[in-house]
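Secondary and tertiary structure notes
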Amino acid sequence: MSESDSEEIEYQYSDDSDSDAEETAAPQEDSGDEERKEESKDEKPNPLKTPSGKHTNANPNAPPTGSSRFSLSPDYSSPSSSTEDPRLVPSSSLKGEMLNVLEEIIEMLSIPEEAAGALMRCFKWNKEKLIASYFDDPERCLQKAGVLKRVRMLEDRQDASAPTKTSRPLTPSRTSPRTATRSTPLPPSSPLPQTCLICCDDDLTPSEMYSMPCSHSFCCDCWSGFLGNKIDEGPSCVYAKCPQAGCEEIVSGEEVKAMAPSKISQWDKYELRSFVDLNKNTRWCPGTDCTMVAITKAGVGDVKCSCGTSFCVKCGEEPHTPVVCKDLSLWLEKCQNESETANWILANTKKCPKCATRIEKNQGCNHMVCQQCKHEFCWICVQPWEDHGANTGGYYKCNKFSDKSNSDDQSDAAKAQRELDRYLHYYQRYHAHSQAQKFAKKQLQQTEQRMVQLQDGSAHTSWIDVQFLKTATEQLVECRRVLKYTYTFAYYLDPSDKTGKKERFEHHQEMLEKFTENLSELSEQSLDKMDRTGVVNMTRVVDRFVKNLCKYVEDGMEIED
Amino acid sequence: MADNLPRRIVKETQRLIADPVPGISATPYTDNLRYFGVAIEGPAETSYANGVFQLELFLPSEYPMSPPKVRFLTRIYHPNVDKLGRICLDILKDKWSPALQIRTVLLSIQALLSAPNPDDPLDNDVAAVWKNDESKALQLAKEWTRAHAIQGGGKGADDAIVID
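Let me sum up the structure you'll find in this document. Note that this is a predicted model, so its numbers are computed, not measured.

1. Quick word on the overall build of chain B
In terms of regular secondary structure, chain B is built from 4 helices and 4 strands. Secondary structure of chain B in N-to-C order comes out as α-β-β-β-β-α-α-α. Among the 164 residues that make up chain B, the fraction classed as buried is 49%. Counted over contacts in chain B with a minimum sequence separation of 6, partners at least 24 positions apart contribute 57%. Total accessible area on chain B is roughly 8,400 Å²; 52% of this is exposed by carbon and sulfur atoms.

2. Describing the packing of helix α3 (residues 124-132) of chain B against helix α4 (residues 134-149) of chain B
Residues and elements named next belong to chain B. One way to put it is that α3 packs onto α4 with a least axis distance of 5 Å and a crossing angle of 130°. Classed by the angle they form, the pair α3 and α4 counts as oblique. Facing V129, W130 and N132 of α3, the residues of α4 in contact are E134, K136, A137, L138, L140 and A141. Grouping the amino acids of the contact of α3 with α4 by side-chain chemistry returns 6 nonpolar, 1 polar and 2 charged.

3. A word on the state of the cysteines
Enumeration according to the criterion identifies 0 disulfides over all chains in this entry. Cysteine C290 of chain A remains unbridged, with the sulfur of C305 of chain A as its closest cysteine sulfur at 3.5 Å.

4. Considerations on the pattern of salt bridges
When the charged atoms of two side chains lie near each other, side chains of opposite charge can form a pair. Residues and elements named next belong to chain A. Per the stated rule, a full pass over the model turns up 24 salt bridges over all chains. Linking E271 and R121 is a salt bridge whose minimum nitrogen-to-oxygen distance equals 3.5 Å. Pair noted here: E271 is in helix α10 (residues 264-278) and R121 is in helix α4 (residues 113-122), with a separation of 150 residues, a long-range link. Between R273 and D277 there is a salt bridge, with its nearest N and O atoms 3.9 Å apart. Taken together, the residues R273 and D277, both in helix α10 and 4 residues apart, mark about one turn of the helix. A relative accessible area of 48% places D277 in the partly exposed class. The structure contains a network of salt bridges with shared partners spanning R150, E254 and E255.

5. Remarks on helix α7 (residues 148-159) of chain A
All names here are of chain A. Its 12 residues place the ends of α7 16 Å apart at the C-alpha level, agreeing with the 16 Å of an ideal helix rising 1.5 Å per residue. Here α7 has its buried residues at L148, R150, V151, M153 and L154. Packed against the buried residues of α7 are α4, α6 (138-145) and α9 (253-259).

6. Looking at the packing of helix α5 (residues 127-136) of chain A against α6 of chain A
Residue and element names in this part refer to chain A. Where α5 meets α6, the closest approach of the two axes is 5 Å, and the angle between their N-to-C directions is 125°. One element, α5, and the other, α6, form an angle in the oblique class. Within the contact between the two elements, α5 uses L130, S133, Y134 and D136 and α6 uses P138, C141 and L142. Looking at side-chain class alone, the contact of α5 with α6 contains 5 nonpolar, 1 polar and 1 charged residues.

7. Structural notes on the nonpolar core
Counting residues in each nonpolar core, the largest one holds 45 residues, and the members touching the most others are W331, F505 and L512 of chain A. When contributions to this core are tallied by element, the ones reaching two or more residues are α11 (325-338), α13 (412-457), α14 (467-491), α15 (501-524) and α16 (532-554) of chain A. It is α14 of chain A that contributes the most residues to this core, 13 residues altogether. In contact with F505 of chain A, other than residues within four places in its own chain, are P322, T486, F489, A490, L493, L549, V553 and M557 of chain A. If you look at the next biggest cluster of nonpolar residues, it comprises 38 residues, including Y63, I91, I109 and L113 of chain B.

8. Thoughts on the interface of chain B and chain A
The partner chain A presents 14 residues to the 10 residues of chain B that form the contact. Together, the buried faces of chain B and chain A total about 1,100 Å²; carbon and sulfur atoms form 58% of this surface. Notably, a salt bridge pairs R7 of chain B with D201 of chain A, separated by 2.5 Å at the nearest N-O pair. Run the count over chain B and chain A and you get 7 residue pairs in polar contact (both at pLDDT 80 or more). The class makeup of the residues in the side of chain B that touches chain A is 5 nonpolar, 2 polar and 3 charged.

9. Some words on helix α2 (residues 102-114) of chain B
Residue and element names in this part refer to chain B. Taking 1.5 Å as the rise per residue, α2 with 13 residues should run 18 Å; its terminal C-alpha atoms sit 19 Å apart, in good agreement. If you check which residues of α2 are buried, you get I102, R103, V105, L106, I109, Q110, L112 and L113. The inward-facing, buried residues of α2 abut α1 (7-18), β1 (24-29), β2 (32-41), β3 (52-58) and β4 (69-72).

10. Examining unusual backbone geometry
Backbone torsion omega between T321 of chain A and P322 of chain A reads 5°, so that peptide bond is classified as cis. Relative to the elements of secondary structure, P322 of chain A occurs in the loop between β7 (310-312) and α11. Cis geometry marks the peptide bond from Y63 of chain B to P64 of chain B; its omega dihedral reads 10°. Turning to its location among the elements, P64 of chain B is positioned in the loop between β3 and β4. For S110 of chain A, which is not glycine, the phi torsion reads 50° and is therefore positive. Here S110 of chain A is to be found in the loop between α3 (94-109) and α4. S110 of chain A gets classed as partly exposed once you look at its relative accessible area, which sits at 43%. Backbone geometry places K124 of chain A, a non-glycine residue, at a positive phi of 50°. The class for K124 of chain A is exposed, based on a relative accessible area of 52%.

11. Quick notes on the sheet that holds β1 of chain B
All names here are of chain B. Spatially, β1-β2-β3-β4 is the arrangement adopted by the 4 strands of the open sheet, whose pairing is antiparallel. Looking at which strands have only one partner, the edges of the open sheet turn out to be β1 and β4. This sheet shows a mean twist of 25° between the axes of neighbouring strands, independent of strand direction. Pairing of β3 with β4, which is carried by 4 bridges, proceeds in the antiparallel orientation. Note that in β4 the partner of E56 across the bridge is R71. This element, α2, spans β1, β2, β3 and β4 of the sheet and lies at about 30° to β2.

12. Concerning the pairing of β2 of chain B
Residues and elements named next belong to chain B. The pairing of β1 with β2 spans 6 bridges and is antiparallel. In the sheet register, I24 faces β2, and the bridge partner there is I40. Between β1 and β2, which pair antiparallel one after the other, the connecting turn spans 2 residues. Looking at chain direction, β2 and β3 are connected through 7 bridges and run antiparallel.

13. Quick notes on the sheet that holds strand β1 (residues 87-89) of chain A
Sheet strands associate in pairs through backbone hydrogen bonding, adopting either a parallel or an antiparallel arrangement. Residue and element names in this part refer to chain A. If you walk across this open sheet you meet the 3 strands as β1-β5-β4, and the pairing is antiparallel. In this open sheet, the two edge strands, each paired with only one partner strand, are β1 and β4 (282-284). Between one strand axis and the next, the sheet turns by 30° as a mean value, whatever way the strands run. Strand direction decides the pairing type here: β1 and strand β5 (residues 293-295), joined by 3 bridges, are antiparallel. Paired with L88 across the bridge in β5 is A294. α3 rests against β1, β4 and β5 of the sheet, and its axis sits at about 120° to β1. Contacts from α10 reach β4 and β5, with the element oriented near 115° to β4.

Scoring rules and cut-offs
Sequence order as written defines residue numbering, which begins from 1 separately in each chain. Numbering of ligands from 1 and lettering of chains from A proceed in the order in which they are written. Reporting in this predicted model follows two pLDDT cut-offs: at least 70 for local features of residues, and 80 or more for side-chain atom pairs to be given and counted; totals over whole chains, interfaces and linings ignore these cut-offs and use all residues. The side-chain figures draw on all heavy atoms in the structure; neither hydrogens nor water molecules are used. In DSSP terms, a helix is any run of H or I states spanning at least four residues, a strand is any run of E spanning at least two, and both are numbered starting from the N terminus. Accessibility here uses a 1.4 Å probe with only protein chains present; expressed as a share of the type maximum, an area under 20% marks a residue as buried, one over 50% as exposed, and anything in between as partly exposed. Note on definitions: a residue-residue contact is assigned when non-hydrogen atoms from the two residues lie within 4.5 Å. Each accessible area is a Shrake-Rupley result for a 1.4 Å probe, and residues are judged covered by the shown protein chains and nothing else. Between N-to-C directions, angles cover 0 to 180 degrees, with each direction set by a line fitted to C-alpha atoms, over the stretch in contact for helices. Reported orientations rely on four angle classes, namely roughly parallel under 35 degrees, roughly antiparallel over 145, roughly perpendicular from 65 to 115, and oblique for the rest. Side-chain classes are defined by residue name, with Ala, Val, Leu, Ile, Met, Phe, Trp, Tyr, Cys and Pro counting as nonpolar, Asp, Glu, Lys and Arg as charged, and the others, Gly among them, as polar. A pair of cysteine sulfur atoms is labelled a disulfide when the two atoms are within 2.5 Å. A side-chain nitrogen of Lys or Arg and a carboxyl oxygen of Asp or Glu constitute a salt bridge if their distance falls within 4 Å. Multiplying one less than the number of residues by 1.5 Å gives the expected span of a helix. Each nonpolar core is a collection of buried residues, namely Ala, Val, Leu, Ile, Met, Phe, Trp, Tyr and Cys, held together in the definition by side-chain atoms within 4.5 Å. A 1.4 Å probe defines the accessible area here, and the buried area is the portion of it lost by two parts on being joined, summed over both. In protein, a polar contact means a hydrogen-donor-capable atom and an acceptor-capable atom, both N or O and within 3.5 Å, with residues adjacent in sequence counting only if both atoms are side-chain atoms; elsewhere, any N or O pair within 3.5 Å suffices. Think of it this way: DSSP has to see at least two bridges between two strands before they count as a pair.

In short, shape yes, function no, at least from these values alone.
Structure representation (structure tokens):
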């Protein structure tokens, strides 16, 4: 390939894009993920580093990313400081992640680990909220989390290390009943037989009894039964409280280890599960049977899992830039409610504008040729294909929605009709790109085979030389995805906005559509006509353009000059 | 039967019989020692005064890790008891603790008769009356008590709520 060629084309197209916008590192980029995974492994032994910490720069030990040259993926050598950082960890290292977070709390508040866990759960792993609440009213905060006695006990032990006091051993074990220094009156520790309030056995020796820091004693058998029962009930066991009626002290792994050791692995599992479920900075990979977990610092960002699933860390849906999670969920709900059979037909088939044959599109490109009458038209706007493309200066005039109906008619019916038209306009295009994305994914599966054929086709072609085809197809999938969501985004843009935001956005959208169609067409070429340089250049251009478009939206679509 | 019965249930039963709670009687059925016939006297100075309310109480196999199942058999006009006699009481649900006992449960039910809680209703119709027109509600409760809970010791089998 010729480097200068590619530069030329790139600049030519970049004029239309927001060329001065800084390139952002796309989180879903493969090599970046590898580095992040590496980083997370390196991080683990460092207890002070937490995923929710302020800002530690992405990857200090990452190699310079210029090495992505061969795969032709865009260079991400200058990740801007505002870049999010979703990283993936296997569920086996979740424990380390959790302990990292807890370590900081333990140190800051001088509380036992078990108490820190319960406190964080109570505050949904929101460290800032916990700390604010703690310094506002520590007593109430600890009470709310059910760890008051646990924390106070540690403090007592630290304050008065009186050797006479029956202090709680550091390692969990069957303890003798505590001296009655707590609010709950207990019989003074003596060889008198004790009663367990659960099994009603009244002939128990102190060594057969066990209690949590709240000092409510029950016999070990009942403890074991109680904890086993709670853990068998499922994930909610992490909220189990002392068996004493009305006691708010929360059960921790310490008690499970001591009294139901056979259940500790189950308990640990539920504890980690609640760590991921409650924490808004973590999300399980939604891929089938995948157990990876995405962790972010900022609570936002897209991530690509090693299982191949890409998802938004905040909402778990497919990455959906430029639409925000809230609008996407509104949109998906709307589509679910409104896209019934009629919409399916509307969105999946179109009549050939010439012969009226119903056509279902099953290839990625929007350049349609009717098999009945050979009429060529654009799938999106159903206008003749000749009107499209650079030669007429018309490009793809098929992404703009103009309110054609008489807007003077203010009757409810007319308004509803207009709203429906508006929705259908966007839905149709959203759906078209959604379908195209699926086709592109299918195409991606067949690409390897095409690559082999292409390599075999000429003697001096190496495997690396045919990689461009895969890169191009991957880019195509990405473009279709972004395009799909640009229509959701546009649907929620304020139609009454007079600052020209909408027009500018639609202009960029149109450009992206044009590039994508070009790339689609180029990469679907039969192998003997394959224009490698053309595909490579187009891939680069489109990649740059997609990133700029997303950045532009992220920055609030201000006019730039 | 008694051989399989946990020590705790045996003890509780013995104590219930030997040292009954005033105004409450609980007797296990001989063919199923986990199943109790319960009678609670309506607390004095309430709309339920002089009434004797029949209930059934069952100790599930998980007891005491799970709460006992209790249900009114005698009809009662009360915002926290529905038409089928089911009772809305926190300690019978999420606030259950294995340290609670049959005795404490029945005492709580008796207390519920003294202090109905229309803000957390099980029977919305009754609760609505209770909130909008308390005197009418109290009157109705008294009438229901007279009709269903005061006849020949309140054992009116005709009035018992029957569930298939």
